[in-house]
Protein chains: 2
Amino acid sequence: MPEILRWHAQLSGAGVRATRKRVQVLEVLIAEPRPITARQLHAELLNRGEPIGLTTVYRAVSSLVDAGLVHAFTQAGEATYRVCGPTRHHHLICRSCGLVLEQTAEPRTDGFEVEAVYGVCAPCARRALPEQQRDQPHRPRP
Amino acid sequence: MPEILRWHAQLSGAGVRATRKRVQVLEVLIAEPRPITARQLHAELLNRGEPIGLTTVYRAVSSLVDAGLVHAFTQAGEATYRVCGPTRHHHLICRSCGLVLEQTAEPRTDGFEVEAVYGVCAPCARRALPEQQRDQPHRPRP
DNA sequence: CGCAGCTTGACAATGGTTTTCGTTTTCTAC
DNA sequence: GTAGAAAACGAAAACCATTGTCAAGCTGCG
Ligand SMILES: [Zn+2]
Ligand SMILES: [Zn+2]
Ligand SMILES: [Zn+2]
Ligand SMILES: [Zn+2]
């Protein structure tokens, strides 16, 4: 099934109309490999010459999340958004570089349904110095 | 080593003085099995008849996190805090009931250094209805 | 005592997100 | 196409957790 058809089907299936603005927001998200914030989304749309309000961007990503096309994360204290595939998965999210990997394997640690795993990816871990690693072990907003 | 001594040692080791207010904040956190927010911490201290400013609570938890006594999480869009053991570990955090489990095993998925795993714990997963599960898969702020 | 430096807290500022409310667009029925 | 209803849009204001400011209080040391 072509992706464009899946998007349309999922939107209407969730009772969300495929309006011009929502499609524009979705197009920016499709072009971005990493999660981006609502403000970045807004700036990119203005760059493309598409006038849109920041409020509308927030409502658009909310609709896209409701429809299951987009997944939301929390990075450095703010919400970020990225398009995701239709199959059940969870995420590995690097708090250093922002990389997000979709994982289809089910870890099922202690009967836990995993949704998101926050940590440091291998390249960032190699780059980090040992004392920095021990400095701020689990602070959510560095 | 008794815990009280470890706390004192870790505080001075991090250059953090064991002030009256900081100890009061730590005492509330020790009594709480689940992570709580700065505002809850503040309210509990006022309940106990300990006058303290909210700003001071924020600075106290920040110091305690710096000293490694307390770990910080993000739950429902706001920071929460809980005392943690001294051994290296990561966490399983249920986004439904707020339960936090310390995990000492290293999953090392794809060379990833795991810090926090967000998901739904087994009891909450059983309680949830199927359609609810699919509704909001990864929204950080429900 | 007297100073220096850390701590405290009332208040203001910040900044991401949501609400409000009036206007505009889109859908449906005729 | 036209009208009327429903949904979407956007500017501004409200919201709220968190942080900055700065003056007053406390602590340890000479
Ligand atoms: Zn996803
Ligand atoms: Zn990384
Ligand atoms: Zn911990
Ligand atoms: Zn739970």
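Each remark here, short or long, concerns the structure printed above.
What counts, and at which threshold
- Residues numbered from 1 in each chain as written.
- Chains lettered and ligands numbered in written order.
- Predicted model: local features only at pLDDT ≥ 70, side-chain atom pairs only at ≥ 80, totals over all residues.
- Heavy atoms only, no water.
- Donors = N, O, S within 2.8 Å, 3.2 Å for Na, K, Ca; no water.
- Tetrahedral: all angles 85-135°; square planar, octahedral: opposite > 155°, others 65-115°.
- Buried < 20%, exposed > 50% of the residue type's maximum accessible area, 1.4 Å probe, protein only.
- Helix = DSSP H or I, 4+ residues; strand = E, 2+ residues; numbered from the N terminus.
- Core = buried A, V, L, I, M, F, W, Y, C linked by side-chain atoms within 4.5 Å.
- Contact = heavy atoms within 4.5 Å.

1. Description of the coordination of the zinc ion (ligand 4)
Residues and elements named next belong to chain B.
Then, number 1: The zinc ion (ligand 4) binds to the protein through Cys94 (SG), Cys97 (SG), Cys121 (SG) and Cys124 (SG), with metal-donor distances spanning 2.2 to 2.3 Å.
Then, number 2: Each of the 4 donor atoms bound to the zinc ion (ligand 4) contributes to angles spanning 105 to 116°, and the resulting shape is tetrahedral.
Then, number 3: Binding-site remark: the zinc ion (ligand 4) is held by donors from one chain whose sequence spacing is C-x2-C-x23-C-x2-C.
Then, number 4: Taking relative accessible area as the criterion, Cys97 reaches 30% and is therefore assigned partly exposed.

2. A few points about the coordination of the zinc ion (ligand 2)
Residues and elements named next belong to chain A.
Then, number 1: The protein atoms donating to the zinc ion (ligand 2) are Cys94 (SG), Cys97 (SG), Cys121 (SG) and Cys124 (SG), with metal-donor distances spanning 2.3 Å.
Then, number 2: Around the zinc ion (ligand 2) sit 4 donor atoms, and with donor-metal-donor angles ranging over 105 to 115° the site reads as tetrahedral.
Then, number 3: Within one chain, the residues serving as donors to the zinc ion (ligand 2) are arranged as C-x2-C-x23-C-x2-C. Highlighted residues: Cys94 in strand β4 (residues 90–94) and Cys124 in helix α5 (residues 122–127), separated in sequence by 30 residues. Each member of the pair Cys94 and Cys124 is classed as buried.

3. Looking at the nonpolar core
It is characteristic of soluble globular proteins that their nonpolar side chains tend to be buried jointly.
Then, number 1: Residues B:Val25, B:Leu29, B:Leu41, B:Leu64, B:Val70 and B:Tyr81 are the most contacted members of the largest nonpolar core, which totals 24 residues.
Then, number 2: Take this core: its biggest share by element is 5 residues, from helix α4 (residues 54–66) of chain B.
Then, number 3: With near-sequence residues (within four places) excluded, B:Val70 lies in contact with B:Leu26, B:Leu29, B:Leu64, B:Val65, B:Tyr81, B:Arg82 and B:Val83.
Then, number 4: Among the nonpolar cores identified, the runner-up in size contains 23 residues, and A:Val25, A:Val28, A:Ala38 and A:Ile52 belong to it.

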